[in-house]
Amino acid sequence: MKKNSIALPISTGMLILAGLNSSFAANKANFNPDISLTLDARYGSFSNNSDYELPGFMLGGEASRGEQGFNLGHNELSFSNNIDDMFFGKLTTVIADHEGETEVELEEAFIETLAMGNGITIKAGRFYSDIGYMNNQHPHAWDFTDASLVYRGMFGNQLIDDGLQVSWLVPTEFYFKLGIEAMRGERFPAGGAANDGNGAYTAFAKFGGDVGVSHAWQLGFSHWRADIENRAAESHAHEADTIEVPTYAGESSLNGVDFVWKWSPNGNNREQNLKLQAEYFERNEDGNVVLEGSSPIEETTYQGEQSGWYLQSIYQFMPRWRVGYRYDYLSANNQGSDSAVLMEAGLDNEGHKAERSSIMLDYSHSEYSRIRLQVSKDDSYEDSDTLIFMQYIVTLGAHGAHRF
Amino acid sequence: MKNWIQIFTFLSALFITSPLMANINVFACEPEWASLVNELGGERVSTYTATTAFQDPHHIEARPSLIAKIRRVNLVVCSGAELESGWLPLLLKQAGNKNTRPGNKGYFEAASVVERLDVPVDLDRSSGDVHASGNPHVHLDPRRIQIISKVLFNRLGDIDPQGKTYYQQRFNDFSQRWQQAILQWQQQASELKGQRIVVHHRDWVYLFDWLGIEIAGALEPKPGLPATIGHLASLKKIVMEQPVKMIVHTPYQNPRAAQRLAKITNIPIVELPYTVGGSKQVKDLFDLFTLTIKKLKGEQQ
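Residues numbered from 1 in each chain as written. Chains lettered and ligands numbered in written order. Predicted model: local features only at pLDDT ≥ 70, side-chain atom pairs only at ≥ 80, totals over all residues.

### Remarks on the overall build of chain A
1) Next: The secondary structure content of chain A amounts to three helices and 18 strands.
2) Next: Projecting the C-alpha coordinates of chain A onto the three principal axes gives extents of approximately 95 × 45 × 45 Å.
3) Next: Taking all 404 residues of chain A together, 38% fall into the buried category.
4) Next: Once local pairs closer than 6 in sequence are excluded, the contacts in chain A between residues at least 24 apart make up 62%. (Helix = DSSP H or I, 4+ residues; strand = E, 2+ residues; numbered from the N terminus. Buried ≥ 20, exposed ≤ 12 C-beta atoms within 10 Å, placed from the backbone. Contact = placed C-beta atoms within 7 Å.)

Put into structure tokens, the structure is as follows:
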């Protein structure tokens, strides 16, 4: 049948029978990058004013319990777009106040292949490592105001590094992805960019699938190792004016497992949904700790054994409203030749196991705005603390992705 | 050693499943496109549908299972016009499948080949969840389906050139049946012209445009935002001024807001199937419009 012999029951002029008329093409208006701006501010109230510590862990990166009173959180400006038919590029900066000074931090700056084919994707630059489940999520996507203790203790909240990632999506019926990353290893928890700036490696495997139409899950295994030259922990004021900085050099190796289960009635997460999520990490370290700035120089051998996990559940009981509960646990068993130095470096856990319970309630007026209240009972060190946070997180600009 | 070989063979068999038998493996974002692909592709295609009629296509998560599916198909068929912008781009990027990249022949957006309604003059998020490319629910106008089917069958032929004649035949057959059906539906629905209906979300713009039905108002004060008490009161006023025939919603929308308005106005609520699978009787696109018109006329509950 010739196409012009088709008797179209369409009133003429109402519709143009065109294939790909340019005026019909989707409205991707111009070649400017997608811009996304995240605004985040908090109010914090803590029941004690001690200096924060996690006994048995050297703190670094973004690790802290937050600030009291009104303060700004993670304000983020992000640009991204396809570069050409081969590459995608993204840059994210964080604008933050540190002790009264405004600092611009480069959080992400990477390119990624769009279509190598055969399930292979290569990413290069500075990016969130894909180990664990939470690690590659931007703080504005977190379900709680702060990072879990195991991420705070192990990674200084998140593992971000400069390097190269190769991943392969195996062509199986269910989801099965393998990946490796080679990193510079300059930022916490590595440090010093050992091996001429090629000091850290990761490997990960992820599995996932659906169970019926209402359930979905993902299971992951991760490994990270680094050759560390000088990992400096937070400085430590000591008797009047000497400042000592505990500094670690040696090997570090970490393994982790993560699991997520999501449920929503008929798979329609708009109305109601439930998420159950847990991650476990353990780390072994072997080297020396020096208190830089001490006189005479104090040092010790150090064999670290640290582990921790969290379990959290988020329930959206009606559109816009979610409640959540999280339990954190951390433990360390570190040995060294000089226990006094280990103690000074914060690596002696003094028999303490860190624990924290948090509950949160949040309200999302639309996909782009969220207001949250969180209360934590924090026993991560000797002085038990009750933390209350109120927070807003809003996103302007490009539509964010609904990640699993 | 022998044990290791056995384990390896077993694992390979488990993981690397043999390529599927069909000539084209299709990932359809929504059931309406799966149905259309099956009409045009017959036994030369094998179709996976990512969502059901009970899921809001705006709010799907990029689940691992969906990534694994896209990895193994040669054609992705979706609505486009940013309906899937929260999840499809992420799936496509994570799947690392060269064929299904936007711009390549393995990627098909139905809305991009037809004229769209509700294209906003002013793009501002304070107007709610608006789509820059216009209203994406194009499958609810059978005339637009006709246009889409013509571009789609040609695409199937581009991907599987050996099946070209086959797809042409299936298209001719479908097209003839479809046009007869359109005439019949238009006849059946002639009495609906000029009727006023309250909708939950503006999913029905294309259907109502085709049948000449007027949208009296929407339960959502702004697209994507749930109804408020104040907004329902203003809807009641609209309903009182000029009669409204019914309140309609999709299977994936919570009927609570519709029920509240029905209570204060005494207007009946009708759940329309919205897409294939939205009601037990709706097994393909023909059933979809037949039942939708029956329900709009109040012939069927």
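### A few points about the packing of helix 8 (residues 229-241) of chain B against helix 9 (residues 256-265) of chain B
Residues and elements named next belong to chain B.
1) Next: Between helix 8 and helix 9, the shortest axis-to-axis distance is 10 Å and the interhelical angle comes to 45°. Judged by the angle between their axes, helix 8 and helix 9 are oblique. For the crossing formed where helix 8 meets helix 9, the hand is right-handed. Contacts between helix 8 and helix 9 involve Leu-232, Leu-235, Lys-236 and Val-239 from the first element and Arg-260, Leu-261, Ile-264 and Thr-265 from the second.
2) Next: When the residues that make up the contact of helix 8 with helix 9 are grouped by side-chain class, the tally is five nonpolar, one polar and two charged. (Axes fitted to C-alpha atoms, helices over the stretch in contact; angles between N-to-C directions. Parallel < 35°, antiparallel > 145°, perpendicular 65-115°, else oblique. Left-handed = near helix turned anticlockwise from the far one by under 90°. Nonpolar A, V, L, I, M, F, W, Y, C, P; charged D, E, K, R; others polar.)

### As for the domain arrangement of chain B
Residues and elements named next belong to chain B.
1) Next: Split by domain assignment, chain B resolves into domain 1 (18-184) and domain 2 (189-296).
2) Next: One C-alpha centre belongs to domain 1, the other to domain 2, and the line joining them spans 25 Å.
3) Next: Each side of the interface is counted separately: domain 1 has 27 residues, and domain 2 has 24 residues.
4) Next: Of all the elements in the fold, those that place two or more residues in the side of domain 1 that touches domain 2 are helix 2 (31-41) and helix 5 (142-159).
5) Next: Residue classes in the side of domain 1 that touches domain 2 are distributed as eleven nonpolar, eight polar and eight charged. (Domains from an automatic or database assignment.)

### Looking at the sheet that holds strand 3 (residues 75-78) of chain B
Residues and elements named next belong to chain B.
1) Next: Spatially, 2-1-3-4 is the arrangement adopted by the four strands of the open sheet, whose pairing is parallel. Only two strands of the sheet have a single neighbouring strand rather than two, namely strand 2 (45-49) and strand 4 (107-109). Averaged over all adjacent pairs, the angle separating strand axes in this sheet is 20°, with direction ignored.
2) Next: Relative to strand 3, strand 1 (residues 24-28) runs parallel, the two being bridged by three bridges. Within strand 3, the residue paired with Ala-28 across the bridge is Val-77. (Pairing = 2+ DSSP bridges.)

### What to know about the interface of chain A and chain B
1) Next: Each side of the interface is counted separately: chain A has 52 residues, and chain B has 53 residues.
2) Next: Going through the elements one at a time, strand 6 (120-128), strand 8 (175-183), strand 9 (200-211) and strand 10 (215-232) of chain A are the ones with two or more residues in the side of chain A that touches chain B.
3) Next: Ranked by the residues each element gives to the side of chain A that touches chain B, the list is headed by strand 9 of chain A, at three residues.
4) Next: Considering only residue class, the side of chain A that touches chain B consists of 30 nonpolar, 16 polar and six charged.

### A short note on the packing of helix 2 of chain B against helix 5 of chain B
Two packed helices can be described by the angle between their axes and the distance between those axes.
All names here are of chain B.
1) Next: At their nearest, the axes of helix 2 and helix 5 sit 10 Å apart, and the two run at 60° to each other. On the basis of the axis angle, helix 2 is oblique to helix 5. As helix 2 packs across helix 5, the resulting crossing turns out to be right-handed. Contacts between helix 2 and helix 5 involve Leu-36, Leu-40 and Gly-41 on the former and, on the latter, Ile-145, Ser-149, Leu-152, Phe-153 and Leu-156.
2) Next: The residue makeup of the contact of helix 2 with helix 5, split by class, is six nonpolar, two polar and no charged.

### With respect to the nonpolar core
One recurring pattern in soluble globular proteins: nonpolar side chains tend to sit buried together.
1) Next: By size, the foremost hydrophobic cluster in this structure holds 90 residues, and its most contacted members are B:Val77 and B:Leu91.
2) Next: Counting the residues that make up this core, at least three belong to each of domain 1 (18-184) and domain 2 (189-296) of chain B.
3) Next: Discounting chain neighbours no more than four positions away, the residues touching B:Val77 are B:Val26, B:Ala28, B:Cys29, B:Trp33, B:Val37, B:Phe108 and B:Ala110.
4) Next: Core analysis: the next-biggest nonpolar cluster, separate from the first, contains 41 residues, A:Phe57, A:Ala200, A:Tyr248 and A:Leu342 among them. (Core = buried A, V, L, I, M, F, W, Y, C linked by C-beta atoms within 7 Å.)

### Let's talk about the confidence of the model for chain B
1) Next: Scored by pLDDT, chain B comes out at a mean of 92, with 93% of its residues at no less than 70.
2) Next: We note a pTM of 0.89 for the whole complex and an ipTM of 0.88 for its interfaces. (pLDDT = per-residue confidence, 0-100.)

### What to know about the pairing of strand 6 of chain A
Residues and elements named next belong to chain A.
1) Next: As judged from the four bridges shared by strand 5 (residues 101-113) and strand 6, these two strands associate in the antiparallel manner. When the sheet's bridge partners are listed, Phe-110 is paired in strand 6 with Gly-125.
2) Next: The hairpin formed by strand 5 and strand 6 contains six residues between the paired strands, and Gly-117 there has a positive phi angle of roughly 90°.
3) Next: As defined by bridge partners, strand 6 adjoins strand 7 (residues 160-169) across nine bridges and the pair is classed as antiparallel. Its bridge partner being in strand 7, Thr-121 is matched across the sheet by Ser-167.

### Section: helix 9 of chain B
Residues and elements named next belong to chain B.
1) Next: Inspection of helix 9 places Ala-257, Ala-258 and Leu-261 among the buried residues, and these make up the whole buried set. All buried residues of helix 9 project into a common sector of 100° when viewed along the axis, lining one side. Seen from the buried face of helix 9, the exposed residues on the opposite side, beyond 90 degrees, are Gln-259 and Lys-263.
2) Next: Close packing links the buried residues of helix 9 with strand 5 (196-199), helix 8, strand 7 (246-249) and strand 8 (269-271).
3) Next: Just downstream of helix 9, Asn-266 is the residue with a positive phi angle, here 65°. (Arc of directions from axis to C-beta.)

### Topic: the sheet that holds strand 7 of chain B
Pairing between the strands of a sheet comes from backbone hydrogen bonds, and it takes one of two forms, parallel or antiparallel.
Residue and element names in this part refer to chain B.
1) Next: Pairing in this open sheet of four strands is parallel, and the strands run 6-5-7-8 from one edge to the other. Each edge of the open sheet is held by one strand with a lone partner, namely strand 6 (214-218) and strand 8. Taking the axes of each pair of neighbouring strands and ignoring which way they run, one obtains an average angle of 35° across the sheet.
2) Next: For strand 5 and strand 7, the ladder comprises three bridges, and the chain directions are parallel. For Val-199, the partnering residue across the bridge sits in strand 7 and is Val-248.

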